Amino acid sequence: MALPVGHTLAGLIISKAAADKKTKFNLLTILILANLSDIDYFFGLFSNGNALTYHRSPLTHSPFFAIFVALLFWLFGKITKKNFSMRYLAAIFLIVLSHWIIDFNTFLPYWFDINSGKNGLYDFLFTHLLSFEGLYNSVIDLVFYGALYVLVVKFVLKKKLL
Ligand SMILES: [Zn+2]
């Protein structure tokens, strides 16, 4: 798993790897794509007030969802005549896919109590995100995925960090 910080940094690594003179990525797009799978929190919140009810179902956490999002972009590009390149669409697929892969890796020492934060939006927010637990997990993300970002972008891709 990772918090939004880690997912976004992973998305940034992929966007840096895919970027070239013609292919550019918008920071907001990456932020949304990298965390899009977690819209499933809202499915649970709206149905029974527990954000974790449908969390990580294959509907949003699977390679199929990543294909679906890339296809939506392709379709959007066709309709608006933007015609995104294959490189751009492949990066979108990989950014969404990275969310799924990271969520099923639990090697980092996160502090997460799956049995709390089940009573509505605010309980969820103040338990898992805007809390000491959330802050601690975000720092873990920042250290691990931040270091990974620097290593990959600077030494493997040999590109500018920003
Ligand atoms: Zn997730």
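Relevant structure appears above.
Quantities reported herein were computed from a predicted structural model and do not represent experimental measurements. (Residues numbered from 1 in each chain as written. Predicted model: local features only at pLDDT ≥ 70, side-chain atom pairs only at ≥ 80, totals over all residues. Heavy atoms only, no water.)

Q: Can you walk me through the side chain of serine 15 in this structure?
A: If you trace the backbone, serine 15 turns up in helix H1 (residues 4-18). Polar contacts involving the side chain of serine 15 include one to the main-chain carbonyl oxygen of leucine 12, which spans 2.9 Å. With sequence-adjacent residues up to four places away left out, serine 15 is seen in contact with Phe25, Ile30 and Ile95. (Helix = DSSP H or I, 4+ residues; strand = E, 2+ residues; numbered from the N terminus. Polar contact = N/O pair within 3.5 Å; in protein donor to acceptor, adjacent residues only side chain to side chain. Contact = heavy atoms within 4.5 Å.)

Q: Would you mind showing me how to read the nonpolar core here?
A: Soluble, globular proteins show a tendency: their nonpolar side chains are buried together. Membership of the largest hydrophobic core comes to 29 residues, with the highest contact counts inside it found for Leu33, Val69, Phe73, Ile92, Tyr110 and Tyr145. Tallying contributions element by element places helix H5 (residues 86-103) first for this core, with 7 residues. Discounting chain neighbours no more than four positions away, the residues touching tyrosine 110 are Met1, Ala2, Leu3, Tyr136, Asn137, Ile140, Asp141 and Tyr145. With 5 residues, the next largest nonpolar core counts Tyr41, Leu45, Ala51 and Leu52 among its residues. (Core = buried A, V, L, I, M, F, W, Y, C linked by side-chain atoms within 4.5 Å. Buried < 20%, exposed > 50% of the residue type's maximum accessible area, 1.4 Å probe, protein only.)

Q: Just checking my understanding: could you explain H5 for this structure?
A: Residues three or four positions apart in an α-helix share a direction because the helix packs 3.6 residues into each turn. For H5, spanning 18 residues, the distance from its first C-alpha to its last is 26 Å, which sits close to the expected 26 Å at 1.5 Å a residue. Those residues of H5 that fall on the buried side of the exposure criterion are Tyr88, Leu89, Ala91, Ile92, Ile95, Val96, Leu97, Ser98, His99, Ile102 and Asp103. Looking at the buried side of H5, the elements it contacts are H1, helix H2 (27-35), helix H4 (63-79) and helix H7 (132-156). (Expected span 1.5 Å × (residues − 1).)

Q: I tried to follow the packing of H1 against H2 on my own but got confused; where do I start?
A: When two helices pack together, their arrangement is given by the angle between their axes and by how far apart the axes lie. Where H1 meets H2, the closest approach of the two axes is 8 Å, and the angle between their N-to-C directions is 120 degrees. The angle between H1 and H2 places the two elements in the oblique class. Here H1 runs over H2; the crossing is right-handed. For the pair formed by H1 and H2, the contact residues are Pro4, His7, Thr8, Gly11, Leu12 and Ser15 on the first element and Leu27, Ile30, Leu31, Ala34 and Asn35 on the second. (Axes fitted to C-alpha atoms, helices over the stretch in contact; angles between N-to-C directions. Parallel < 35°, antiparallel > 145°, perpendicular 65-115°, else oblique. Left-handed = near helix turned anticlockwise from the far one by under 90°.)

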